[in-house]
Structures are given as C-alpha cells and as structure tokens.
Amino acid sequence: MSSIHIVDDHDRALEVIYKEIGSKRIPFEGLVLVHFDAHPDLLIPAIKANDIYNKDIVFQLSIITVKNLYYSQTEESFNNSNDLNYRNTDIASWIIPATYAGHIKKVIWLKPPWVEDLFGGFCSFQVGKHRDTGDIRVSCESEYFIQELFYSPKDELVNRRSVDIEEFTVNSDNLKDITECIRKENQEHLLLDIDLDFFSTLNPLKNLFGLELFSFLSEKYRCEFPQSLQPLEKVQQRREQLNILWNWMLKNHTTNFKDAHLNDDMKNKLTYLINKNGLEWVHHTAMACDDNNPLPEHLSSESEIEEMEKHFEFIIRKTFRKENQSLITVAR
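Residues numbered from 1 in each chain as written. Predicted model: local features only at pLDDT ≥ 70, side-chain atom pairs only at ≥ 80, totals over all residues. Heavy atoms only, no water.

## Some points on the environment of T99
Within the secondary structure, T99 is located in helix 4 (residues 96-100). Overall, the relative accessible area of 1% leaves T99 in the buried class. Separated by 27 residues in sequence, T99 and Q126 have C-alpha atoms that sit 9.7 Å apart. A polar contact is formed between the side chain of T99 and the backbone oxygen of I96, at a distance of 2.6 Å. (Helix = DSSP H or I, 4+ residues; strand = E, 2+ residues; numbered from the N terminus. Buried < 20%, exposed > 50% of the residue type's maximum accessible area, 1.4 Å probe, protein only. Polar contact = N/O pair within 3.5 Å; in protein donor to acceptor, adjacent residues only side chain to side chain.)

## Quick look at the sheet that holds strand 9 (residues 190-195)
The strand order 1-10-9-2-5-8-6-7 describes an open sheet built from eight strands, whose pairing is mixed. Both edges of this open sheet fall to strand 1 (3-7) and strand 7 (136-138), since each of them pairs with a single strand only. The sheet shows a mean angle of 20° between the axes of neighbouring strands, taken without regard to direction. Bridge count between strand 6 (residues 122-130) and strand 8 (residues 157-169): eight bridges; the pairing is antiparallel. Considered in strand 8, the bridge of C123 is made with I165. (Pairing = 2+ DSSP bridges. Axes fitted to C-alpha atoms, helices over the stretch in contact; angles between N-to-C directions.)

## Remarks on the side chain of H311
By the secondary structure assignment, H311 is in helix 12 (residues 302-319). A relative accessible area of 9% means that H311 is categorised as buried. Excluding residues within four positions of it along the chain, H311 makes contact with V170, N171, S172 and L175. (Contact = heavy atoms within 4.5 Å.)

## Description of the pattern of salt bridges
Between side chains of opposite charge, a pair can form as their charged atoms come close. Evaluated as defined, the whole model comprises 14 salt bridges. D8 is paired through a salt bridge with R332; the nearest N and O atoms lie 2.7 Å apart. Pair noted here: D8 is in the loop between strand 1 and helix 1 (12-22) and R332 is in the segment after strand 10 (327-331), with a separation of 324 residues, a long-range link. A relative accessible area of 61% means that R332 is categorised as exposed. Between E166 and K106 there is a salt bridge; the shortest N-O distance is 2.9 Å. Residue E166 is located in strand 8, and its partner K106 is located in strand 5 (residues 104-111); the two are separated by 60 residues in the primary sequence. By relative accessible area, K106 is classed as buried at 7%. Linked through salt bridges whose partners overlap, the residues forming this network are K106, E166, K184 and E185. (Salt bridge = Lys/Arg side-chain N within 4 Å of Asp/Glu carboxyl O.)

## What about the packing of aromatic side chains?
Considering all chains together, one arrives at eleven aromatic pairs under this definition. Here F36 and F198 contribute two aromatic rings whose centre-to-centre distance is 5.2 Å and whose plane-to-plane angle is 85°, an arrangement assigned as edge-to-face. Of the two residues, F36 sits in strand 2 (residues 31-36) while F198 sits in the loop between strand 9 and helix 7 (204-209), which places them 162 residues apart along the sequence. When the centroid spacing of 5.9 Å and the interplanar angle of 55° are considered together, the rings of F125 and F145 count as tilted. One end of the pair, F125, is in strand 6; the other, F145, is in helix 5 (residues 143-146), with 20 residues separating them in the sequence. Three or more aromatic residues link up through ring pairs in this structure, and these residues are W109, F119, F125, Y144 and F145. Positioned over the ring face of W248 is K220, at 4.7 Å from the centre of the ring. (Phe/Tyr/Trp six-rings, centres within 6.5 Å; stacked < 30°, edge-to-face > 60°. Lys NZ or Arg CZ within 6 Å of the ring centre and 35° of its normal.)

## Focus: the state of the cysteines
A full pass over the atoms with the stated rule returns zero disulfides. Residue C289 stays outside any disulfide, its sulfur separated by 13 Å from that of C223, the closest cysteine. When its relative accessible area of 2% is taken as the criterion, C289 is described as buried. (Disulfide = S-S within 2.5 Å.)

## Focus on the environment of Q241
Its location among the elements puts Q241 in helix 9 (residues 231-254). C-alpha separation for the pair Q241 and K220, spaced 21 residues apart in sequence, amounts to 9.9 Å. For Q241, the residues in contact, after removing those within four places along its chain, are K220, Y221, R222 and C223.

Listed below in structure tokens is the structure:
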C-alpha cells in the first residue's frame, strides 16, 4: 500500500524521504524521483558536502552570510556583512542533497507546457564535493546551474556520484514517451512527488517586490552569456556581475537608496524587505528575478487544469501499480 504525505513547504518532502529510508520502507540508494512540478528544485543548498549525511544539519536553520553562498571569503565588501537566518534546504534546493548522499540516482522531471526546457531533454552529470572549497557542485553545463555558480568541471570534484535528469513536457503528444520512461525503472525504487503548481503557476516574486520593483530588478539582475564563452568563463562572468550587484545593493542601502532609477515606492519596498529579512536575503532573492531566465508563471483556466489532470491520471495509472508500495509526496 502506498504511503502518502502532504507537505506545505516542498523541501519537507526530503524529510519524509529520509524518514522512509531510515525505517527501511524504501531502499537506501538507487531511487528514481518522478517529479511533477513547474520548477526543477535542483539548486544546491549552502551546506558543506561533509554535512550532507547529518540530517540535523541538513534540516536545521543556520546562520549564513551571503559570502558563504556565492563569493570568496576574502572579498573586502563583505567585511561588515550581517548574518542571515537561512534554512539549509528550501523549496528550490531539496533534491541535490539526496543525490550526493546516494539516495536518488535519477530525476524524471515532468513539467507543464508553459515551462521552458532547462536540460535539453536529458542530462547525465556528476555531483560531488569540490576539492578546494568542500562545497557540493555539479558538472552539468546547463545555465540553470551556471548562473547560480554551482558548476564545476568533473576533475575538480571528489566523492562523485552519477545523476541523470530526464525532462518531459506533459502534453498529449508526450504521454507514451513519459510512461515508457517511467515503466522501464524498477518499481520498488520509484518515488512519486507532486507539486500542485504543476497545474497552475504564479511567480511569487512579483507579489513580493511589487510589479514596478520586480521589473527593475529583473533587468538589473539579468544573466546572459555570449555563446563563445566556456562554462568556467560563464561562471566567472556571473560571479563578477553578482559582486557588482552586491556592492550596488550595499552602497544604496547605506545611502537610503539614492539611485535615480528608483522611485519612492520602490525605495520604501526595498527598505522594508531589507529591514525584515536582511540585505543578503534581498540580494539572493533578486537573483531569481532575472528576466532572461524568469520563474515560470501561468494562471491556468479551468479547462486547462482539467486537461492537465487527465494527463496526470493517465501517467499514474500506466506507471504506478497498486500492488507495489510507493512513497508519494504532495506539496500544496
């Protein structure tokens, strides 16, 4: 009989998976995550690789500075940086820890039609510990990882594990390919994970920042690379850009946001968010406003939701057998 767990925050699904592994109801390794979601959730949390096996660290609230997240510890601009309360794993970064720990070997990402491909349909790469920093990094050259500074060449990684991502857009043309992909996996190793934003998706940052400030930050934090650049060159370009943006944020905050491009409403919004959440949090969150790689948004009509429900039901009925015990997580 399947075990169904409903969570409010999607990263809580990882806690469920760990508990099921600990109780030996699902295998320790070789798991395949069937992931219905408008977002891949494959970012990397700010946890050292050596701490991934300590579930208390993985799930605890930590004190982290922005320099731990993105930059060199020697950056002079961070000397006076305030600490930030930050949950080690969050809704966008809960899967990769389980791949590095060896639990999940493959992610089958099933996304709605309004979400763009991020991995070219299929991507096989290495996840490992960076030999110099001790951070978790990946060898995947997708700009999804590069723009977050998570890419490293394979030869710079130790304790490597192989990870596969299969990416499908769920529509009437793809249903056969999707079911065949899932059915070829060992049924005892399948995990079913569903985020309800698969059916209708909003961009929460528009509401958080307000449309005017969101538009401004989207242009300012825009990430775009010349095609001629190699992956490490892209990482360096992005690191330099983020350093400039951090200094802009820091300078404007200390001068009450005198940037001529900011009107009073935008200044007041930024000041409020910084006072509430911290300067580093605002900078980190603004990175996701990038208008060249925007978060998906699509308010589905009733008929669109009904169609997606039919596709979802077809896939589940064709791939998950009643007689097998399966772990199912649902994020609201």
